[in-house]
Amino acid sequence: MKKPALRLLACVLATAAAVAAVAHGDVTPHPIDTTGLKALGSDWVPANPYRGDAKAVEIGADGYEHNCAGCHGLRAESGGVAPDLLKLDLDCLKIAQKAKKDACLDDTDDYFKGVVLRGKKTSEGRFTMPAYDSVFTQEAVWALKSYIDSRTLEETGAKAN
Ligand code: HEC
């Protein structure tokens, strides 16, 4: 059994660590509660099935702020530490023809999924972005992508069709 003084010290240290984590932006992966979204099962679908879904955007926004904002910026407005995620879909959204636009977005969905699940490493193997494959369901990944799409539309005034 720990002595009360030691317990107090442990508590102070834990609080200090939590404050430090917040000060630098929380970059620890957190699971995302996707209650309310259509369940997709364990086999990955090739592209975002929630594209344009308001509930997915809402869940993605919350998941984004808890997991990604520390590096990619609040509301996906990059402060330059990590790439600007609002550029990911930009070229696709400028395509007028719907079938071509959708095919282009399918490609960015696939790219996004790959990066989020595997994270990013330097050539020496140091993670510059965490891998989220052990914490995110596919519902969570697609909700995040729905949020990024929606923010890109908001920022550019491009139209979804
Ligand atoms: C610890 C900081 C950090 C966190 C947290 C983080 N990222 Fe990243 N992310 C990076 C860095 C740095 C890169 C660029 C790495 C490189 O190119 O080598 C990157 C790259 C990416 C890319 C590729 C961008 C491009 O233009 O090719 C995507 C997509 C991405 N992150 C999405 C996310 C999402 C979604 C989250 C939250 C679930 C997230 N990231 C959390 C640091 C982070």
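Residues numbered from 1 in each chain as written. Predicted model: local features only at pLDDT ≥ 70, side-chain atom pairs only at ≥ 80, totals over all residues. Heavy atoms only, no water.

### Considerations on the packing of aromatic side chains
In total, this model carries 3 aromatic pairs according to the counting rule given. For the ring pair W44 and W142, a centre distance of 5.9 Å and an interplane angle of 70 degrees mean the geometry is edge-to-face. With W44 in the loop between helix 1 (4–23) and helix 2 (54–67) and W142 in helix 6 (residues 138–156), this pair connects stretches of sequence that are 98 residues apart. Consider the rings of Y132 and F136, whose centres lie 4.7 Å apart with planes at 15 degrees: the pair is stacked. Here Y132 matches F136 in class, with each residue buried. (Phe/Tyr/Trp six-rings, centres within 6.5 Å; stacked < 30°, edge-to-face > 60°. Helix = DSSP H or I, 4+ residues; strand = E, 2+ residues; numbered from the N terminus. Buried < 20%, exposed > 50% of the residue type's maximum accessible area, 1.4 Å probe, protein only.)

### Concerning the environment of A143
Inspection of the secondary structure puts A143 in helix 6. Sequence-wise, A143 and D53 are 90 residues apart; in three dimensions their C-alpha atoms are separated by 8.8 Å. Not counting residues up to four positions away in its chain, the partners in contact with A143 are L37, Y50, A56, I59 and G60. (Contact = heavy atoms within 4.5 Å.)

### Topic: the confidence of the model for the protein chain
Per-residue pLDDT for the protein chain has a mean of 86; in total, 81% of the residues score no lower than 70. Taken together, the stretch residues 8–24 has pLDDT below 50 and engages in 2 contacts with residues farther than four places along the chain or on a different chain. (pLDDT = per-residue confidence, 0-100.)

### Points about the coordination of the iron atom of the ligand
Within the protein, the atoms that donate to the iron atom of the ligand are H72 (NE2) and M129 (SD), at distances of 2.0 to 2.2 Å. Around the iron atom of the ligand sit 6 donor atoms; with metal-centred angles ranging over 84 to 179 degrees, the donor geometry is octahedral. With a gap of 57 residues between them, H72 in helix 3 (residues 69–72) and M129 in strand 2 (residues 127–129) connect regions that are remote in the sequence. Assigned by exposure class, H72 and M129 land together as buried. (Donors = N, O, S within 2.8 Å, 3.2 Å for Na, K, Ca; no water. Tetrahedral: all angles 85-135°; square planar, octahedral: opposite > 155°, others 65-115°.)

### Considering the site of the ligand
Surveying the vicinity of the ligand reveals 20 residues, the closest of which are C68, C71, H72, Y111 and M129. Within the contact set of the ligand, an oxygen atom lies 2.5 Å away from a side-chain nitrogen or oxygen of Y111. At 4 residues, the largest contribution of residues to the shell around the ligand is made by helix 5 (residues 98–118). (Near = heavy atom within 4 Å. Polar contact = N/O pair within 3.5 Å; in protein donor to acceptor, adjacent residues only side chain to side chain.)

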